[in-house]
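Below are the chains, spelled out letter by letter.
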Amino acid sequence: MPGTELFGNEERKEINDVLETGMLFRYNNEQQRNGIWKARDFEAEVRKITGAKYAHAVSNGSAAIAIALAAAGIGAGDEVICPPFTFIASVEAVLWVGAIPVFAEIDETLCLSAEGIEKAITPKTKGVCLVHMCGGMADMDSIMKVVNDYNLILVEDAGQAFSASYKGTSVGLFGATGSYSFDFFKIATAGEGGIFVTNDEEIYKLADAYSDHGHNHVGNNRGMEQHPVLGFNYRISELHAAVALAQTRKVPQIREANRRNKKMLQDILSQTEGISFAHVADPDGDSATFLNMMLPDIETAKRTVDEMNKAGVGGFNYWYTNMYHFINQWDHLKNMQTVSKLPAEAFGIPQDYKNLHLPKTQEVIGRLVSFVIRCTWTEDEMKALAEKIATCAKAAMLVTA
Ligand SMILES: *Cc1c(COP(=O)(O)O)cnc(C)c1O
């Protein structure tokens with residue numbers, strides 16, 4: 001979690017600005033706030049880094065993806081193609097806006113593939129919730145072709161890919177709408193926070209209103225503002241925005257360190273036969289928050305994980321058994337264990353989530369072990385880590401199943 005590695009005076013200064021005025025609310029109260037607008041400044045910083053025309057900060061990344069879906073026009077009864085490998089928030093967001101997740105295959109990019117999306121399309125498909133996983137990005141040329149050929153709405157959950165890009169365009173800006181998360185585990189953190197992006201002014205206005213009970217945010221009298229749509233409360237506080245602002249300013253520096261460190265680990269590990277890496281669709285655009293190591297097969301990956309646990313190697317994720325990132329463990333979804341009835345249940349779910357046939361996804365995630373890249377590592381630390389990982393992988397590969 002590189003953002004938190006660099007928490008320091010810059011964050012404290014931004015928070016103190018807010019504490020000085022006591023204006024914790026992001027809107028109105030112009031006199032009392034004394035020119036301090038942290039949410040606005042955070043949004044400007046995100047526009048600068050991503051090139052987005054519009055950015056709107058909200059309470060968290062899960063809210064941002066729900067807003068992105070709704071503002072793009074996805075709602076009750078719409079089928080939305082989703083990846084079976086994602087943080088569960090993307091799937092929850094689709095359900096929460098009343099839509100119906102339909103799962104499709106990913107590939108070695110760790111994201112939905114164009115082929116997977118195409119195979120999952122039905123006459124009821126309204127859109128795609130594309131998730132850019134593990135700091136990298138989907139193969140956008142082939143995905144945009146399917147999206148355009150079938151006239152689908154593309155919404156991008158770039159929750160864990162802030163600052164990543166594909167051929168010069170930031171992920172999150174290929175579709176109608178996109179979102180980033182600034183939770184504690186991301187490249188920059190607000191503590192809790194998220195941000196919605198789009199290049200479309202009308203969509204931005206909808207998202208802005210939707211995230212604050214419909215307020216159109218025109219004028220200085222909050223109680224008398226117009227309310228073009230019904231909404232909800234997904235606001236970010238000025239305190240969270242202050243932290244996010246300081247952190248976002250550090251992202252170019254963090255990304256550079258991440259890339260250098262990822263390359264060093266990868267260079268050492270690639271000398272071991274049998275170790276390969278997930279495909280980065282545009283290496284120049286990698287945010288490099290994870291080193292995504294692929295073992296030859298699932299059994300070898302499991303043994304490598306066992307060896308690493310025995311050797312005390314930490315800081316990695318074996319998503320295949322993770323409760324929140326991989327569909328194999330989503331029993332609550334498979335059994336629709338909901339707190340109260342969701343629209344998807346009322347409309348009927350076209351896929352049997354308990355018996356999905358996604359062999360490519362199973363193979364890719366089964367072979368994948370992801371290491372969190374730390375931006376503060378020293379060369380010696382990285383060399384020692386890479387050697388330990390290689391030793392564990394070699395031991396795992398020596399065993400014949
Ligand atoms: C972290 C994350 C989210 C959720 O963000 P929160 O800020 O924790 O709500 C959504 N999607 C993906 C892919 C994420 O990694």
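You'll find the structure just up there.
Quick look at the structure, then. Being a predicted model, the structure only gives us computed values, none of them experimental.

1. Here we look at the site of the ligand
Inference 1: Near the ligand the following residues occur: N60, G61, S62, F87, A89, V131, D157, Q160, S181, D183, K186 and G193.
Inference 2: Within the side chain of S181, one N or O atom sits 2.8 Å away from an oxygen atom of the ligand.
Inference 3: Contact between the ligand and D183: an oxygen atom at 2.6 Å from a side-chain N or O atom of the residue.
Inference 4: Contact with the protein chains removes 94% of the 380 Å² of surface that the ligand exposes when unbound.
Inference 5: For the shell around the ligand, the residue count by class is three nonpolar, six polar and three charged.

2. Here we look at the pairing of strand β3 (residues 100-103)
Inference 1: The alternating pattern of β3 places I100 and V102 on one face and P101 and F103 on the opposite face, and all of these are buried.
Inference 2: Strand direction decides the pairing type here: strand β2 (residues 79-82) and β3, joined by four bridges, are parallel. Bridging across to β3, C82 finds its partner in F103.
Inference 3: The handedness of the β2 to β3 crossover, carried by helix α6 (residues 89-96), is right-handed.

3. A short note on the packing of aromatic side chains
Inference 1: What the rule picks out here adds up to 16 aromatic pairs.
Inference 2: The interplanar angle of 20° and the centroid separation of 4.9 Å between the aromatic rings of Y54 and Y204 together place this pair among those described as stacked. With Y54 in strand β1 (residues 54-58) and Y204 in helix α9 (residues 201-210), this pair connects stretches of sequence that are 150 residues apart.
Inference 3: Here F103 and W330 contribute two aromatic rings whose centre-to-centre distance is 6.2 Å and whose plane-to-plane angle is 50°, an arrangement assigned as tilted. With F103 in strand β3 and W330 in the loop between β12 (316-317) and α13 (331-334), this residue pair connects regions lying 227 residues apart in the sequence.

Conventions we followed
- Residues numbered from 1 in each chain as written.
- Predicted model: local features only at pLDDT ≥ 70, side-chain atom pairs only at ≥ 80, totals over all residues.
- Heavy atoms only, no water.
- Near = heavy atom within 4 Å.
- Polar contact = N/O pair within 3.5 Å; in protein donor to acceptor, adjacent residues only side chain to side chain.
- Areas by Shrake-Rupley, 256 points an atom, 1.4 Å probe, with all protein chains shown as cover.
- Nonpolar A, V, L, I, M, F, W, Y, C, P; charged D, E, K, R; others polar.
- Buried < 20%, exposed > 50% of the residue type's maximum accessible area, 1.4 Å probe, protein only.
- Helix = DSSP H or I, 4+ residues; strand = E, 2+ residues; numbered from the N terminus.
- Pairing = 2+ DSSP bridges.
- Right-handed = clockwise from strand over helix to strand, strands pointing away.
- Phe/Tyr/Trp six-rings, centres within 6.5 Å; stacked < 30°, edge-to-face > 60°.

Without other data, these values stay purely geometric and don't point to any function.
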